[in-house]
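Tertiary structure, described
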Amino acid sequence: MIPALSNPSVCMRDPQRVQDLVQAMQEGGLNTLQVISDFDMTLTRFAHNGKRCPTSHNILDNSQLISDECKEKLKDLLNKYYPIEIDSSRTIDEKLPIMVEWWTKAHELLVQQKIRKDQLSLAVQEDGYQQFFDRLHQHSVPLLIFSAGLGDVLEEVIRQAAVFHPNVKVFSNYMDFDEEGVLRAFKGELIHIYNKREGALLNTEHFQKMVARPNVLLLGDSLGDLTMADGVQDLENVLKIGFLNDKVEERMPSYLKSYDIVLLQDETMHVPNAILDFLVADQ
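Residues numbered from 1 in each chain as written. Predicted model: local features only at pLDDT ≥ 70, side-chain atom pairs only at ≥ 80, totals over all residues. Heavy atoms only, no water.

Thoughts on the packing of aromatic side chains
Tallied over the full model, the rule gives five aromatic pairs. With a centroid separation of 5.4 Å and an interplanar angle of 90°, the aromatic rings of F146 and F171 are classed as edge-to-face. Taken together, the positions of F146 in strand β5 (residues 143-150) and F171 in strand β6 (residues 168-173) put the pair 25 residues apart, joining distant regions of the chain. By relative accessible area, which is 0% here, F146 ends up buried. Taking relative accessible area as the criterion, F171 reaches 6% and is therefore assigned buried. Look at F171 and F207: their rings are 6.5 Å apart centre to centre, the planes differ by 80°, and that puts the pair in the edge-to-face class. (Phe/Tyr/Trp six-rings, centres within 6.5 Å; stacked < 30°, edge-to-face > 60°. Helix = DSSP H or I, 4+ residues; strand = E, 2+ residues; numbered from the N terminus. Buried < 20%, exposed > 50% of the residue type's maximum accessible area, 1.4 Å probe, protein only.)

Put into structure tokens, the structure is as follows:
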């Protein structure tokens, strides 16, 4: 039905279910559709030409906005906590407090750097998801980006890519700057990789506005992303696309069990764009 689903990077536990979901969503029409997506390593690449790409946290790590000492400490945190995040032998409940510990320590380090708001644009580089954003905007399909990264950096990324369209909404961790524009803390509830369900349920106002859009295209790269649509009211169809980038063999069974489509080390947006093309056809 969609040629891109025959790509070698595509795995599906139940191809017929995927076909039925896509068909139902197309028949429902674009005015019933919304897209909910993670950002880092989903809309942006995990790697390019064999080299890891920066996340919204790493963008700062790779910039001149933080000291070499801070970069080393953030790298140490990554080396300590990332293996736990992707460890398929641990339950999400076991990981929860450890992820909170990681995010909290990383945010404390960034606050100590006294980053200036007007310097954030210097840290950012583009990626290749513009077509996806532009197509959603063209057809007035809402896009909710749900990120455990840094909202200020993420917004700067999509602003510089000229795709921060009116249909885009972001839930993320936002910096709190003082009167001089210097980072002093982080605002609101901490969003980390495994509490997106709570984040969704806290933002009921957004989902109430989407009540006429019960069909969801969900894109994520972790098992924690599967709960991003839990705030959607009267959900009818949700097509879950998972990007599996790291420890592929070890994590494959849990991803195939949870996501409708699993993309293996796929550094492109070809499949989501192809599905979107099918959904907008004849509309």
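Structure shown, so let's carry the discussion forward.
Comments concerning the sheet that holds β6
What links the strands of a sheet is backbone hydrogen bonding, and the strands pair in either a parallel or an antiparallel sense. The strand order β1-β11-β10-β9-β2-β5-β6 describes an open sheet built from seven strands, whose pairing is mixed. The sheet is open, and its two edges are formed by β1 (10-11) and β6, each paired on a single side. Sheet topology note: the β1/strand β11 (residues 261-264) ladder contains two bridges and is antiparallel. Following the sheet pairing, C11 is matched in β11 by V262. (Pairing = 2+ DSSP bridges.)

With respect to the environment of E27
Structurally, E27 can be placed in helix α1 (residues 15-28). The class for E27 is exposed, based on a relative accessible area of 63%.

As for the packing of helix α3 (residues 68-85) against helix α4 (residues 92-112)
One way to put it is that α3 packs onto α4 with a least axis distance of 10 Å and a crossing angle of 170°. With respect to α4, the element α3 is oriented roughly antiparallel. Residues C70, K73, L74, L77, L78, K80, Y81, Y82, I84 and E85 of α3 form the contact with α4, whose participating residues are K95, I98, M99, E101, W102, K105, A106, L109 and L110. Tallied by class, the residues present in the contact of α3 with α4 amount to 13 nonpolar, no polar and six charged. (Axes fitted to C-alpha atoms, helices over the stretch in contact; angles between N-to-C directions. Parallel < 35°, antiparallel > 145°, perpendicular 65-115°, else oblique. Contact = heavy atoms within 4.5 Å. Nonpolar A, V, L, I, M, F, W, Y, C, P; charged D, E, K, R; others polar.)

A few points about the pattern of salt bridges
Under the definition given, this model contains eleven salt bridges. K105 is the partner of E101 in a salt bridge, and the nearest nitrogen-oxygen pair spans 3.7 Å. One end of the pair, E101, and the other, K105, are both in helix α4, four residues apart, so they sit about a helical turn from each other. As a salt-bridge pair, R116 and D118 come within 3.4 Å of each other at their nearest N and O atoms. For D118, a relative accessible area of 55% gives the class exposed. (Salt bridge = Lys/Arg side-chain N within 4 Å of Asp/Glu carboxyl O.)

So, the nonpolar core
Side chains of nonpolar character tend, in soluble globular proteins, to be buried together. Grouped together as the largest cluster of nonpolar side chains are 92 residues, with contacts concentrated most on I145, I158, L217 and I275. The element best represented in this core is α4, accounting for eight residues. Contacts of I275, omitting those with residues within four sequence positions, involve I2, L5, L217, L239, I241 and I261. (Core = buried A, V, L, I, M, F, W, Y, C linked by side-chain atoms within 4.5 Å.)

As for the packing of helix α5 (residues 130-138) against helix α10 (residues 270-280)
The contact between α5 and α10 brings their axes to 10 Å, and the two run at 20°. Looking at the two axes, α5 sits roughly parallel to α10. The two elements α5 and α10 meet at a crossing, and its hand is left-handed. Where α5 approaches α10, its residues Q131, F132, R135 and L136 are matched on the opposing element by P272, N273, L276, D277 and V280. When grouped by side-chain class, the residues that make up the contact of α5 with α10 number five nonpolar, two polar and two charged. (Left-handed = near helix turned anticlockwise from the far one by under 90°.)

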